[in-house]
Amino acid sequence: MIVLENTKQLQTAIKSISNFISEGNFRFNDKGIALRAIDPSQIVLVNYFAPKGIFKKFSVEPSLIGINIEDFDKIMRRVFSNDVLELSLEDSCLNIRFVGELDRTFKLSLIELNEEEASLPEVAFNAKITIKARILQETLKDASLFGSSIVLKIKDNVLTMEARGQQGTLKTLIKKECAAVDSKEEINNKYSLSFFENLIKEADPESDIKLELKNEAPMKISYKIADSEIQFYLAHMIL
Amino acid sequence: MIVLENTKQLQTAIKSISNFISEGNFRFNDKGIALRAIDPSQIVLVNYFAPKGIFKKFSVEPSLIGINIEDFDKIMRRVFSNDVLELSLEDSCLNIRFVGELDRTFKLSLIELNEEEASLPEVAFNAKITIKARILQETLKDASLFGSSIVLKIKDNVLTMEARGQQGTLKTLIKKECAAVDSKEEINNKYSLSFFENLIKEADPESDIKLELKNEAPMKISYKIADSEIQFYLAHMIL
Amino acid sequence: MIVLENTKQLQTAIKSISNFISEGNFRFNDKGIALRAIDPSQIVLVNYFAPKGIFKKFSVEPSLIGINIEDFDKIMRRVFSNDVLELSLEDSCLNIRFVGELDRTFKLSLIELNEEEASLPEVAFNAKITIKARILQETLKDASLFGSSIVLKIKDNVLTMEARGQQGTLKTLIKKECAAVDSKEEINNKYSLSFFENLIKEADPESDIKLELKNEAPMKISYKIADSEIQFYLAHMIL
């Protein structure tokens, strides 16, 4: 049985994951709850971990359960702000109980999934950016006027983002006040715009997003959701 | 001629009715205005009564007029908050006049409808529930994640609502603080979820809704809209 | 190079124009920026002028450039409230630069357009109305319940607007407090409702709209957007 009082953080994480992954294996063990999965198009790897410490009560048998994440997301969106969440396993169901003004129990059928867990890409990143989520979100919106991809460039520790379409182009220069950039080499990488937008859309606009890059390698994107962290690896595109 | 100052209450009633009934007969007599009609699928009976007392001026010839309720609804939604509403009959039109900052007169063509008025079901209800509209609205939203129907159960004067779908189930236990339940027998009845949702969607979330039930009988649902009352009878489904 | 600090006024003008005109020629000269164009259906003529004085810096070579106005509109909508706008020409592009928290440069490809400029209709108007935008916007919304056209009538300097459809009619009497009417003859003119609605939809609800009319002639509609003025000529319909 798991009890969570600050339910919003789990809700946000599940929202974010369900943008890419419709089904996945949650791993419960004595450290916390983890999910690692690759989207069907193999462009995004999600690595989520909610440490035991964020839960009010956390007594679990180690287990791996397959869940329809889109359904889990729809249920989690129904939580009221003062509800306490209880998770428990029963037969072939995950019991999701919201206790507050009402006492609501959702039972979600478990599904059978391939047990193999995706391994994290081993990349020696050369550049690190810490950027306000709002700035990144707005820049990607700008880019979506023209293109379906975005190019991140770093030169002399200055970050620019560029998009190009038939009708025109966008070039955004990110001022130093808006992003801390630390790069050992010049970076020039292209990524899918829609995936990138989806990845960061649940991030609190006022929070920081960390980007780790290397030429011709996937980008690591990570941000905090309250006390848990979500990480994505986004494949690069051919320039 | 009928004059109404608190126009919002009539607006809300018409909104609510137009969710089910596209055409109906309004009955004007010395008691007030009444509408009783059955939706085309025969699942809902609406019984609305606006007593003479809510009107500032009420001098009518008894009459029965057929109206396109969807069109009437669209017009009523155009009322401004300080407008005074005047209703009058003229030839084959209902004159709907909004007098305020502007002086607007909408003429709605009357339509010929079968004169027979639906009779109210005669049910000796065994259970009565008074529940906050908001609680009921939220519970039906929860249920709509899974099913197209909802089951209301009462046992020992405790109300639970259940929905079931392929992906999972919901069971909501309504605490005694949220609903006053008075039942002479155990209740176990199933209703169409979409109809039930539509029936109560215009109810002020902070107002009370009264449900009257009996096994294998339609449920009576009633709530106040300012000083008038709207009643619905919702057919039960086979369990 | 053109520099504009109050970007909202240009944004609003472009929004308003892009409702009708997808491509147009902007004329830059030592007086300011002008656009005069006719919509493809030949029902609306737009005449927009932004005087040099509204710009912080205005040093231009006289030129005429063809622009996709829908794309220009999408870019202008991305401006942040404190951004300073810089416009400049470069090769076959219009550079649109937003400088503020970020430094964003959008390049919009120029397009080749017929150079002939529409000439303004020469109408000796007989009636002039000054009406609060909000009142006009609401009356057109009322009318759209029934019809696809609206009739403006002036008699004894009293303005009424009427719409008619299969289901009913609307007649709005505009009180003298809401519109200043000065007419030398009785007016009875019909216009396309959807065009009229689009023409005034970007007008600040609290601003004044000036209508100039003559029987069987197009209506001139004009309003201020900050310090620039936008004018439309809307063709009349056969009564």
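Rules used in this analysis
- Residues numbered from 1 in each chain as written.
- Chains lettered and ligands numbered in written order.
- Predicted model: local features only at pLDDT ≥ 70, side-chain atom pairs only at ≥ 80, totals over all residues.
- Heavy atoms only, no water.
- Helix = DSSP H or I, 4+ residues; strand = E, 2+ residues; numbered from the N terminus.
- Rg over C-alpha atoms; globule rule 2.2 N^0.38 Å.
- Buried < 20%, exposed > 50% of the residue type's maximum accessible area, 1.4 Å probe, protein only.
- Contact = heavy atoms within 4.5 Å.
- Areas by Shrake-Rupley, 256 points an atom, 1.4 Å probe, with all protein chains shown as cover.
- Pairing = 2+ DSSP bridges.
- Axes fitted to C-alpha atoms, helices over the stretch in contact; angles between N-to-C directions.
- Least-squares fit on C-alpha atoms with pLDDT ≥ 70 in both.
- Buried area = accessible area lost by both parts, 1.4 Å probe.
- Salt bridge = Lys/Arg side-chain N within 4 Å of Asp/Glu carboxyl O.
- Polar contact = N/O pair within 3.5 Å; in protein donor to acceptor, adjacent residues only side chain to side chain.
- Domains from an automatic or database assignment.
- Nonpolar A, V, L, I, M, F, W, Y, C, P; charged D, E, K, R; others polar.
- Left-handed = near helix turned anticlockwise from the far one by under 90°.
- Phe/Tyr/Trp six-rings, centres within 6.5 Å; stacked < 30°, edge-to-face > 60°.

**Comments concerning the overall build of chain A**
Secondary structure assignment for chain A yields 4 helices and 18 strands. Here the C-alpha atoms of chain A give a radius of gyration of 19 Å, agreeing with the 18 Å that 2.2 N^0.38 yields for 239 residues. Judged by the C-alpha coordinates and their principal axes, chain A covers about 55 × 35 × 35 Å. When the 239 residues of chain A are sorted by exposure, 53% land in the buried category. When contacts within chain A are restricted to residue pairs at least 6 apart in sequence, long-range pairs at least 24 apart make up 65% of them. Within the structure as shown, chain A displays about 11000 Å² of accessible surface, and the carbon and sulfur contribution to it stands at 45%.

**Some words on the sheet that holds strand β8 (residues 93–99) of chain C**
Reading across from one edge, β15(A)-β11(A)-β12(A)-β13(A)-β9(C)-β8(C)-β7(C)-β1(C)-β5(C) is the order of the 9 strands in this open sheet, with antiparallel pairing throughout. Two strands close off the open sheet at either side, each with one partner strand: β15 (187–192) of chain A together with β5 (57–58) of chain C. The sheet contact formed by strand β7 (residues 84–90) of chain C and β8 of chain C spans 7 bridges and is antiparallel. Within β8 of chain C, the residue paired with Leu85 of chain C across the bridge is Phe98 of chain C. Contacting β11 (149–155) and β15 of chain A, helix α4 (residues 193–200) of chain A runs over the sheet at an angle of about 85° to β15 of chain A.

**Here we look at the relation of the copies chain B and chain C**
Screw-axis analysis of chain B against chain C gives a translation of 0.0 Å along the axis, an RMSD of 0.1 Å, and a rotation angle of 120°. The transformation relating the two chain copies, once decomposed into turn and shift, fits a three-fold axis.

**A closer look at the interface of chain B and chain C**
Contacts between the two partners involve 15 residues from chain B and, on the opposite side, 19 residues from chain C. Summed over both partners, the interface of chain B with chain C buries about 1500 Å², with 53% contributed by carbon and sulfur atoms. On the chain B side of the interface with chain C, the three residues burying the most area are Arg78, Glu101 and Leu102 of chain B, jointly 37% of the side's total. For the pair chain B and chain C, the interface holds 4 salt bridges. Ionic pairing is found between Asp142 of chain C and Arg104 of chain B, a salt bridge with its closest N-O pair at 2.8 Å. On inspection of chain B and its partner chain C, the count reaches 9 residue pairs in polar contact (both at pLDDT 80 or more).

**Describing the sheet that holds strand β15 (residues 187–192) of chain B**
A sheet is described by the order of its strands in space; here 9 strands give the open sequence β5(A)-β1(A)-β7(A)-β8(A)-β9(A)-β13(B)-β12(B)-β11(B)-β15(B), paired in antiparallel fashion. Of all the strands in the sheet, just β5 (57–58) of chain A together with β15 of chain B have a single pairing partner and so form its edges. Across 6 bridges, strand β9 (residues 103–109) of chain A lies against strand β13 (residues 168–174) of chain B in antiparallel orientation. By the bridge assignment, Asp103 of chain A is partnered in β13 of chain B with Leu173 of chain B. Where helix α2 (residues 69–76) of chain A meets the sheet, its contacts fall on β7 (84–90), β8 (93–99) and β9 of chain A, and the angle it forms with β8 of chain A comes to roughly 15°.

**Section: the interface of chain B and chain A**
Listed per partner, the contact involves 19 residues of chain B and 15 residues of chain A. Interface area, chain B with chain A, both sides summed: about 1500 Å², of which 53% is carbon and sulfur. Between the two partners, chain B and chain A, sit 4 salt bridges. Between Glu138 of chain B and Arg78 of chain A there is a salt bridge, with the nearest N and O atoms lying 2.6 Å from each other. The greatest single-element share of the side of chain B that touches chain A, amounting to 7 residues, is contributed by β13 of chain B.

**Here's the deal with the domain arrangement of chain A**
All names here are of chain A. If you check the domain split of chain A, you get domain 1 (2–109) and domain 2 (127–234). Between domain 1 and domain 2, the C-alpha centre-to-centre distance is 28 Å. Contact with domain 1, which involves 21 residues of that partner, is made by 16 residues of domain 2. Regarding the contact of domain 1 and domain 2, the summed buried area is about 1600 Å², with carbon and sulfur atoms giving 62% of it. Together, Phe20, Ile43 and Asn47 form the three largest contributors to the area buried by domain 1 at its contact with domain 2, with a combined 28%. Where domain 1 meets domain 2, there are 0 salt bridges. The tally of links from domain 1 across to domain 2 stands at 5 residue pairs in polar contact (both at pLDDT 80 or more). Split by residue class, the side of domain 1 that touches domain 2 holds 12 nonpolar, 7 polar and 2 charged.

**Digging into the pattern of salt bridges**
Counted by the stated rule, this structure contains 42 salt bridges over all chains. Residues Asp71 of chain A and Lys74 of chain A are paired through a salt bridge, measuring 3.9 Å at the closest nitrogen-oxygen approach. With Asp71 of chain A and Lys74 of chain A both in helix α2 and 3 residues apart, the pair spans about one turn of that helix. Salt bridges linked by common partners bring Arg78, Asp83 and Arg104 of chain A together with Glu138 and Asp142 of chain B together as one network.

**Quick notes on the pairing of β8 of chain A**
Residues and elements named next belong to chain A. β8 sits mainly inside the fold: 5 of its 7 residues count as buried. Linkage of β7 to β8, two consecutive antiparallel strands, is achieved through a turn of 2 residues, within which Asp91 is found at a positive phi near 50°. The pairing of β8 with β9 spans 7 bridges and is antiparallel. Within β9, the position partnered with Leu94 by the bridge is Leu108. In sequence, β8 turns back onto β9 through a hairpin of 3 residues.

**Quick word on the pairing of strand β2 (residues 23–29) of chain A**
All names here are of chain A. When β2 meets strand β6 (residues 63–68), the two strands line up antiparallel, connected through 6 bridges. Residue Arg27 lies in a different strand from β6, and its bridge partner there is Leu64. Connecting the antiparallel pair β2 and strand β3 (residues 32–38) is a turn made up of 2 residues.

**Quick look at the packing of helix α1 (residues 7–18) of chain B against helix α2 (residues 69–76) of chain B**
Residue and element names in this part refer to chain B. Across the interface, α1 lies against α2 with an axial gap of 9 Å and an inter-helix angle of 145°. Between α1 and α2 lies a crossing of left-handed hand. Facing Thr7, Leu10, Gln11, Ile14, Lys15, Ile17 and Ser18 of α1, the residues of α2 in contact are Ile69, Glu70, Phe72, Asp73 and Met76. Looking at the contact of α1 with α2, its residues break down into 6 nonpolar, 3 polar and 3 charged.

**A look at α2 of chain A**
For α2 of chain A, the buried fraction is high: 6 of the 8 residues fall into the buried class. For α2 of chain A, the capping residue at the N-terminal end is Asn68 of chain A, with a side-chain oxygen 3.0 Å from the backbone nitrogen of Glu70 of chain A.

**Let's talk about the packing of aromatic side chains**
Following the criterion strictly, the structure yields 24 aromatic pairs over all chains and no others. A ring pair is formed by Phe106 of chain B and Phe146 of chain C, whose centres lie 6.1 Å apart and whose planes are at 55°; its orientation type is tilted. Here Phe106 of chain B is found in strand β9 (residues 103–109), whereas its partner Phe146 of chain C is found in the loop between α3 (133–143) and β11 (149–155) on a different chain. Like Phe106 of chain B, the residue Phe146 of chain C is buried in the burial classification.

**A look at the side chain of Arg104 of chain B**
Positionally, Arg104 of chain B belongs in strand β9. Under the relative-accessibility criterion, Arg104 of chain B is labelled buried at 0%. Here Arg78 of chain B takes part through its backbone oxygen, which lies 3.0 Å from a polar atom of the side chain of Arg104 of chain B. Setting aside anything within four residues of it in sequence, one finds Arg104 of chain B in contact with Arg78, Val79, Phe80, Asp83, Ile96, Arg97 and Phe98 of chain B together with Asp142, Leu170, Lys171 and Thr172 of chain C.

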